[in-house]
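The primary structure of each chain is shown beneath.
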There are 2 protein chains.
Amino acid sequence: MLSKKTKYGLKALTYLASQKENTPVQIAEISEKENISQKFLESILLSLRKSGFLGSKKGKGGGYYLIKYPKEILMTDVMRILEGPIAMVPCVSLNFYEKCDDCPDEATCSVNKLMLMVRDANLDVYRNNTLADLII
Amino acid sequence: MLSKKTKYGLKALTYLASQKENTPVQIAEISEKENISQKFLESILLSLRKSGFLGSKKGKGGGYYLIKYPKEILMTDVMRILEGPIAMVPCVSLNFYEKCDDCPDEATCSVNKLMLMVRDANLDVYRNNTLADLII
DNA sequence: TTATTATCCTATAGATTTAGTAGATTGATA
DNA sequence: TATCAATCTACTAAATCTATAGGATAATAA
């Protein structure tokens, strides 16, 4: 299952990307328009800012705004921040590799074999889609 | 993340599929060879039996065995039983469709659009792999 | 300088899911 | 009958998810 965090994060990014001008948009506006709990959205936008997708401005006229063009924001990067590793098991993860402690040999592991194919299929989707591609 | 249930279930199925003869194999043997908690494996094998992948036999010489050829066991079916829906959001699920209550229109939803592509990519993998393909 | 606005930050709480355990029961075999 | 192994029910511990609360900080405007 996709977490609500990821779902809300994607919706917020899309909302920002579809603004005519790239001026700050307040959390309150996004949360209202996209039906997202404001406090929860707050923490999501904060983490998106800390990972370099968003800029922010405090005080009146403040809010969040994209600091890259939607075309330059890859889904691989967004998903890794919001949802975590793209691989479903650490032993096939490119960025978060870890050996399974219960598995004696990856080369003969059926789970490894299947999840490697799944990872590649997912990567293919995320690498070939940017935030711009999600706007309808 | 892939649940341990799915991981263990896949390992158990592969273990059964790689037996020379299709005679019953005891839970204890599988749990030992694959490093799986026996009691947990018990419940996993039970659900695989109830969903028509395995047969079982009680008493001496009893155990679990495949009731189909590995070649005939599609990963789509296995994954749906062990892990649940293949889609990451209900609104793009083929077998477990549900409308999102917070989303006014699927046709203009960015999450829907992305997750539809992800679902198709995953389905493609699971549909084109059987249990036989996982044996190394 | 003061009031207002809106993000920033820490801590916490409730609900759900996951992973595993305990123990009694049922049925098959020798 | 004794033994073996699956079946079934119930329970628990831990982790994760989805928030919520409330104050701190910074920018702007009067």
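Residues numbered from 1 in each chain as written. Chains lettered and ligands numbered in written order. Predicted model: local features only at pLDDT ≥ 70, side-chain atom pairs only at ≥ 80, totals over all residues. Heavy atoms only, no water.

Going by what an unreviewed UniProt entry lists, chain A is known as Transcriptional regulator, BadM/Rrf2 family and is assigned to Pricia antarctica.

In this structure, what is going on with the protein's contact with DNA strand D? I would like to understand it.
Taken together, 25 residues sit near DNA strand D, with K39 of chain A together with Q26, E42, R49 and Y64 of chain B positioned nearest. Looking at DNA strand D alone, sugar and phosphate atoms form 74% of those within 4 Å of the protein. Side-chain polar atom of E42 of chain B to a base nitrogen of DNA strand D: 3.1 Å apart, as the coordinates give it. Here K50 of chain B contributes a side-chain N or O atom positioned 3.4 Å from a phosphate oxygen of DNA strand D. When residues of the surface near DNA strand D are traced back to their parent elements, those giving at least two are α1 (4-17) and α3 (38-50) of chain A together with α3 (38-50), β1 (54-57) and β2 (63-66) of chain B. When residues of the surface near DNA strand D are assigned to their parent elements, the largest contribution, five residues, is made by α3 of chain B. (Near = heavy atom within 4 Å. Polar contact = N/O pair within 3.5 Å; in protein donor to acceptor, adjacent residues only side chain to side chain. Helix = DSSP H or I, 4+ residues; strand = E, 2+ residues; numbered from the N terminus.)

Got a minute to help me understand the packing of helix α4 (residues 75-82) of chain A against helix α5 (residues 110-127) of chain A in this structure?
For any two helices packed against each other, one specifies the inter-axial angle together with the distance between the axes. Residue and element names in this part refer to chain A. Running from amino to carboxyl end, α4 crosses α5 at an angle of 115°, the nearest separation of the two axes being 7 Å. Counted together, M75, T76, M79 and R80 of α4 and L123, Y126 and R127 of α5 form the full contact between these two elements. The residue inventory of the contact of α4 with α5, partitioned by class, reads four nonpolar, one polar and two charged. (Axes fitted to C-alpha atoms, helices over the stretch in contact; angles between N-to-C directions. Contact = heavy atoms within 4.5 Å. Nonpolar A, V, L, I, M, F, W, Y, C, P; charged D, E, K, R; others polar.)

Please clarify how the relation of the copies chain B and chain A should be interpreted in this entry.
Two copies of the chain are present, and they differ by a rotation about an axis and a shift along that axis. Superposition of chain B onto chain A requires a rotation of 180° combined with a translation of 0.0 Å along the rotation axis, giving an RMSD of 0.0 Å. One copy is carried onto the other by what is essentially a two-fold rotation axis. In terms of C-alpha distance to the rotation axis, chain B has A121 of chain B as its closest residue, with the C-alpha 2.8 Å off the axis. Of the residues that chain B buries at the interface, 97% are likewise interface residues in chain A, meaning the two copies contact each other through the same surface. (Least-squares fit on C-alpha atoms with pLDDT ≥ 70 in both.)

Looking at this model, I keep getting lost on the protein's contact with DNA strand C. Mind explaining?
Taken together, 25 residues surround DNA strand C, and among them Q26, R49, S56 and Y64 of chain A together with K39 of chain B come closest. For DNA strand C, the fraction of protein-proximal atoms (within 4 Å) that sit in sugar or phosphate groups is 72%. Contact between DNA strand C and K39 of chain B: a base oxygen at 2.2 Å from a side-chain N or O atom of the residue. Here a base nitrogen of DNA strand C sits 3.0 Å away from a polar atom, N or O, in the main chain of G59 of chain B. Every element with two or more residues in the surface near DNA strand C is listed here: α3, β1 (54-57) and β2 (63-66) of chain A together with α1 (4-17) and α3 of chain B. Broken down by element, the residue count for the surface near DNA strand C peaks at five residues, all from α3 of chain A. Of the residues assigned to the surface near DNA strand C, the class counts are five nonpolar, seven polar and 13 charged.

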